[in-house]
Amino acid sequence: MLAPYKPNKENAVIRFFDFLRDHAITVIITVLVMIAVIAVIIVSTDSGKKSGSSQKKQKEPVKTAKSDSKYVSTGTIRLPMNRISSLNPLTSADADTFYISQLVYSGLFKLNSDLNIRKDAVSSYKADPDSGRVQIRLKDGIRYSDGSMLTAEDVIYTVNKIKTAGKKGAYFAYVKKIKNVTGYDRDIEIVFNDKKDAALDNLIFPILNYGSFGAKATVGPAGSGKYKISYYDKNKTVIRLTPNKKYYGKKAGNQIHFRQIKNPSNTTGLITTDALTAYLSTESDARTDADDKNLKSVFIRSNEMEYLGFNFHNRLLKYKVIRQALCYAIDTGEILKENYGNEYMLCDTVYFPGFLGVKNNGDAYKYNQSKAVSLLKKCGFADRNEDGILENKKGKKLSVKLVVNKNVYRRSDAATAIKDELQDIGIHVRVKKLNEIDYRKALKNKDFDLILAGYKFDKSYNLKDLFDKGNFLNYSNSVVSSSVNRLERANSASKQKDVYVKLKKELLNDIPYYCIGYKRYTFITVKKFEMETEPTFFDIYRGIDTWKWKRTVTPDKASDTYKK
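Worth saying up front: this structure is predicted, and the values here are computed from it rather than measured. In every chain, residue numbers begin from 1 and rise along the written sequence. With the structure being a predicted model, the display of local features is reserved for residues of pLDDT at least 70 and the display and counting of side-chain atom pairs for 80 or more, all residues being used for whole-chain, interface and lining totals. Side-chain descriptors were evaluated using all non-hydrogen atoms of the structure, hydrogens and water having been removed beforehand.

A.B. asks: Where do I start with the overall build of the protein in this structure?
C.D. replies: Per the convention used, a helix needs a DSSP run of H or I reaching at least four residues, while a strand needs a run of E reaching at least two, with both numbered from the N terminus. Counting its regular elements, the protein contains 15 helices and 20 strands. Think of it in three bands: residues with accessible area under 20% of the maximum for their type are buried, residues over 50% are exposed, and the middle band is partly exposed, with areas taken using a 1.4 Å probe on protein chains only. For the protein, buried positions account for 48% of its 564 residues. Between two residues, a contact is recorded if the distance between any of their heavy atoms is within 4.5 Å. Taking as baseline every contact in the protein between residues at least 6 positions apart, the subset at least 24 positions apart corresponds to 69%. Carbon and sulfur atoms form 51% of the exposed surface of the protein, whose accessible area is close to 29,200 Å². Here the open area of atoms and residues is found with the Shrake-Rupley method and a 1.4 Å probe, where only the protein chains shown may cover a residue.

Shown next, in the form of structure tokens:
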């Protein structure tokens, strides 16, 4: 029987080295990979330990910061103002006095957000548009902050004071239309000079307490609005308003502190520090600035409009089909975006967006070049010689001169964009970018076919100058002019709306002015801010008694004190 085989140890060693020799490269690579893997595992483990300990150390300060900083509600609204010359609302030309007076005084009427009238101190009224006569019954129980009662005598006194103050006052342009005011106790009768210029939105002046001015000249006469002036420093840089406890309606809860801001460019920065609560900016880049500073902002409809006007001295432009074709060829949305910025909005007529509560539907002639070409074709225009320009049947080119003020750079750029879009459908456009003097001269001499311009309206929106005989476009339309004139009569709020509905329909059809867009202002506030009613361009503190805001505080700044 053979014994079990036992390998020779010496031969095994020899064979091992022979194997290493034959597979040297493979073995070396394997060893290096194993070393690298082990090294990575060691380093990762060590880094994880260090990272974990580091994270633990960082967590505590973050928790501490959160516990030291929080938002708290405050009942004091802090607002900017310029240095004012007087708080007398009947004589002061200061914008801040105008806005503040709407908080301190009642008026017979006020305007709602769509510029229609609403009753303020008036309980009931009867307006006669055929005579320009208005009979008014005042609300019962309206008291001034000093406790005295508001009566017809105060209204008569106020009207006379405004007339005496003359043109320097903010309300003279409205009150000068009044021929006579009579009344006793709570009953008043107002008669206008001209029944054709007797709109009730002329009766929005603040009512002053009879003979009260001068008793407390430093803070002005007592008012019957939601607030009263409780402090006005001798340097006219700080004003404080407190709720009027005698106010006939819902009492205000907030206090309001105004202070002068010498450099308006600092206003937004002061809101970031809670030194100010809010303000209304008319600057074009205001919303971008607010976003960059992490503040809240909302757009507010303004009274500034951009439009394209048609010269009715031009024989072709007298045809509304031609005017409509030109409007369809212009992409107003793109022009506003590229040339004016996002603060502009589309509007269907030259009247305020949503005027008197009638819905604004945006661009009434939405961009449609095919439709524009079709309308021009119906009028006999075609590119007969294939040069890219439309001609009539006699071969005369369709050409227009577009005039614009070159000093308004956005408008000037928009004129170039309009030229390009009209030329896309075969209309030859000559753009004349003129300086201020030459621009005014061109308007006076009717030396234009199209005009790209802007208009800033008064809040009463009396547009007679744009539509009555002698307007700079030489436009004539009896339906339009009649409706525009009726808007200036002594109509009730509902009647005013009915008149405008008819007027708007005719304007959309006849299109003497094509609204490019309306500018929007920017209302900027602290981040933690709420309001029930948005401000308007003519009443920037509307609804302020319901404003709620929170400011950031730390334990060493927890009190709600106000520093001048």
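A.B. asks: Before we go on, may I ask you to explain the pairing of strand β18 (residues 513–525) in this structure?
C.D. replies: Taken residue by residue, a regular strand's side chains alternate between the two faces of the sheet. Buried residues dominate β18, accounting for 12 of its 13 residues. When strand β12 (residues 278–281) meets β18, the two strands line up antiparallel, connected through four bridges. Looking at β18, one finds that Ser-281 is bridged to Thr-522. Of the strand pairs in this sheet, strand β14 (residues 344–345) and β18 are connected by two bridges, and their pairing is antiparallel. Its bridge partner lying in β18, Met-345 is registered against Tyr-518. DSSP bridges decide pairing: two strands pair if at least two such bridges lie between them.

A.B. asks: What exactly am I supposed to notice about helix α11 (residues 409–424) here?
C.D. replies: Residues separated by three or four positions in an α-helix point in the same direction, a consequence of the helix having 3.6 residues per turn. The end-to-end C-alpha separation of α11 is 23 Å, in line with the 22 Å expected for 16 residues at 1.5 Å each. Every buried residue of α11 is accounted for by Arg-410, Arg-411, Ser-412, Ala-414, Ala-415, Ala-417, Ile-418, Glu-421 and Leu-422. Gly-426 lies just past α11 and shows a positive phi near 95°. Here the expected span of a helix is defined as 1.5 Å times the quantity of residues minus one.

A.B. asks: What should I look at first to understand the packing of aromatic side chains in this one?
C.D. replies: Centre distance within 6.5 Å is the pairing criterion for rings of Phe, Tyr and Trp, where only the six-membered ring of Trp is used; planes under 30 degrees apart are then read as stacked, over 60 as edge-to-face, and the remainder as tilted. All told, the structure shown has 30 aromatic pairs when counted by the stated rule. Ring centres of Tyr-99 and Tyr-541 lie 6.4 Å apart, and the angle between their planes is 80°; on these two criteria the pair is classed as edge-to-face. With Tyr-99 in helix α3 (residues 95–104) and Tyr-541 in the loop between β19 (529–530) and β20 (548–553), the pair connects residues that are 442 residues apart, well separated along the chain. The exposure class of Tyr-99 is buried, given its relative accessible area of 19%. Cluster of aromatic residues (ring-pair linked, three or more members): Tyr-351, Phe-352, Phe-355, Tyr-455, Phe-457, Tyr-461, Tyr-500, Tyr-518, Phe-537 and Phe-538. Geometrically, a lysine NZ or arginine CZ counts as sitting over a ring once it is within 6 Å of the ring centre and also within 35 degrees of the ring normal. Above the ring of Tyr-231, the side-chain terminus of Arg-240 is found at 5.1 Å from the ring centroid. Sitting over the ring of Phe-299, Arg-287 keeps its end group 4.3 Å from the ring centre.

A.B. asks: Even after reading the chapter, I still don't get the environment of Tyr-475, so can you show me in this structure?
C.D. replies: Among the secondary structure elements, Tyr-475 is positioned in the loop between α13 (464–467) and α14 (478–486). For the pair formed by Tyr-475 and His-313, sequence separation is 162 residues and the distance between their alpha carbons is 8.7 Å. For the purposes of these results, a polar contact is taken to be a pair of N or O atoms within 3.5 Å, where, inside protein, one atom must be able to donate a hydrogen and its partner to accept one; residues adjacent in sequence count only when each atom of the pair is a side-chain atom. Separated by 3.1 Å, the side chains of Tyr-475 and Asn-477 make a polar contact.

A.B. asks: I would appreciate a short explanation of the confidence of the model for the protein in the present structure.
C.D. replies: A low pLDDT means the predicted coordinates there should not be read in detail. The predicted model of the protein averages 87 in pLDDT, with 84% of residues at 70 or higher. Between residues 1–21, whose pLDDT stays under 50, and residues either more than four places distant or in other chains, the model counts one contact. The low-confidence segment residues 558–564, where pLDDT is below 50, has 18 contacts with residues more than four positions distant or belonging to other chains. Summary of the metric used: pLDDT quantifies the predictor's per-residue confidence within the range 0 to 100.

A.B. asks: Teacher, can you tell me more about the packing of helix α8 (residues 320–328) against helix α10 (residues 369–378) here?
C.D. replies: In a packed pair of helices, the relevant descriptors are the angle between the two axes and the axis-to-axis distance. At their nearest, the axes of α8 and α10 sit 8 Å apart, and the two run at 160° to each other. As the angle between them shows, α8 and α10 are arranged roughly antiparallel. As for how α8 packs across α10, the hand of that crossing is left-handed. From α8, Val-321, Ile-322, Gln-324, Ala-325 and Tyr-328 reach across to α10, where they touch Gln-369, Lys-371, Ala-372, Leu-375 and Leu-376. Between the N-to-C directions of two axes lies an angle of 0 to 180 degrees, each axis being a line fitted to C-alpha atoms and, for a helix, fitted only over the stretch in contact. Any angle that falls under 35 degrees is termed roughly parallel, while one over 145 is termed roughly antiparallel, one within 65 to 115 roughly perpendicular, and all others oblique. Crossing handedness follows the turn of the near helix against the far one: under a right angle anticlockwise gives a left-handed crossing, and clockwise gives a right-handed one.

A.B. asks: Teacher, can you tell me more about the environment of Arg-133 here?
C.D. replies: Here Arg-133 shows up in strand β6 (residues 133–138). Excluding anything up to four places from it in sequence, Arg-133 contacts Lys-126, Ala-127, Asp-128, Glu-189, Ile-190 and Val-191. Engagement of the side chain of Arg-133 in a polar contact is seen with the side chain of Glu-189, the distance being 3.1 Å.

A.B. asks: How should I be thinking about the nonpolar core in this particular structure?
C.D. replies: We define a nonpolar core as any set of buried Ala, Val, Leu, Ile, Met, Phe, Trp, Tyr and Cys residues linked to one another through side-chain atoms lying within 4.5 Å. Residues Leu-108, Tyr-351 and Phe-467 are the most contacted members of the largest nonpolar core, which totals 152 residues. The dominant element in this core, judged by the number of residues it contributes, is β18, at eight residues. With residues up to four places along the chain from it excluded, the contact list for Phe-467 reads Val-350, Tyr-351, Tyr-475, Val-480, Ser-481, Val-484, Leu-507, Pro-512 and Tyr-513.

A.B. asks: Teacher, can you tell me more about the packing of helix α9 (residues 332–340) against α11 here?
C.D. replies: Following both chains from N to C, one finds α9 and α11 inclined at 140°, their axes separated by 9 Å at the closest point. The handedness of the crossing between α9 and α11 comes out as right-handed. Packed against α9, whose contacting residues are Ile-335, Asn-339 and Tyr-340, the element α11 presents Arg-410, Arg-411, Asp-413, Ala-414, Ala-417, Ile-418 and Glu-421 at the interface. Charged means Asp, Glu, Lys or Arg here, nonpolar means Ala, Val, Leu, Ile, Met, Phe, Trp, Tyr, Cys or Pro, and polar covers whatever is left, Gly included. Taken together, the residues of the contact of α9 with α11 break down into five nonpolar, one polar and four charged.

A.B. asks: Explain unusual backbone geometry to me, please; I cannot follow it from the model alone.
C.D. replies: When glycine is set aside, most residues are seen to have a negative phi, and most peptide bonds are trans. If you check the backbone angles, Lys-236 has positive phi at about 60° while not being a glycine. Examined against the element boundaries, Lys-236 turns out to sit in the loop between β9 (227–232) and β10 (238–243). Here Lys-236 falls in the partly exposed class, since its relative accessible area comes to 27%.

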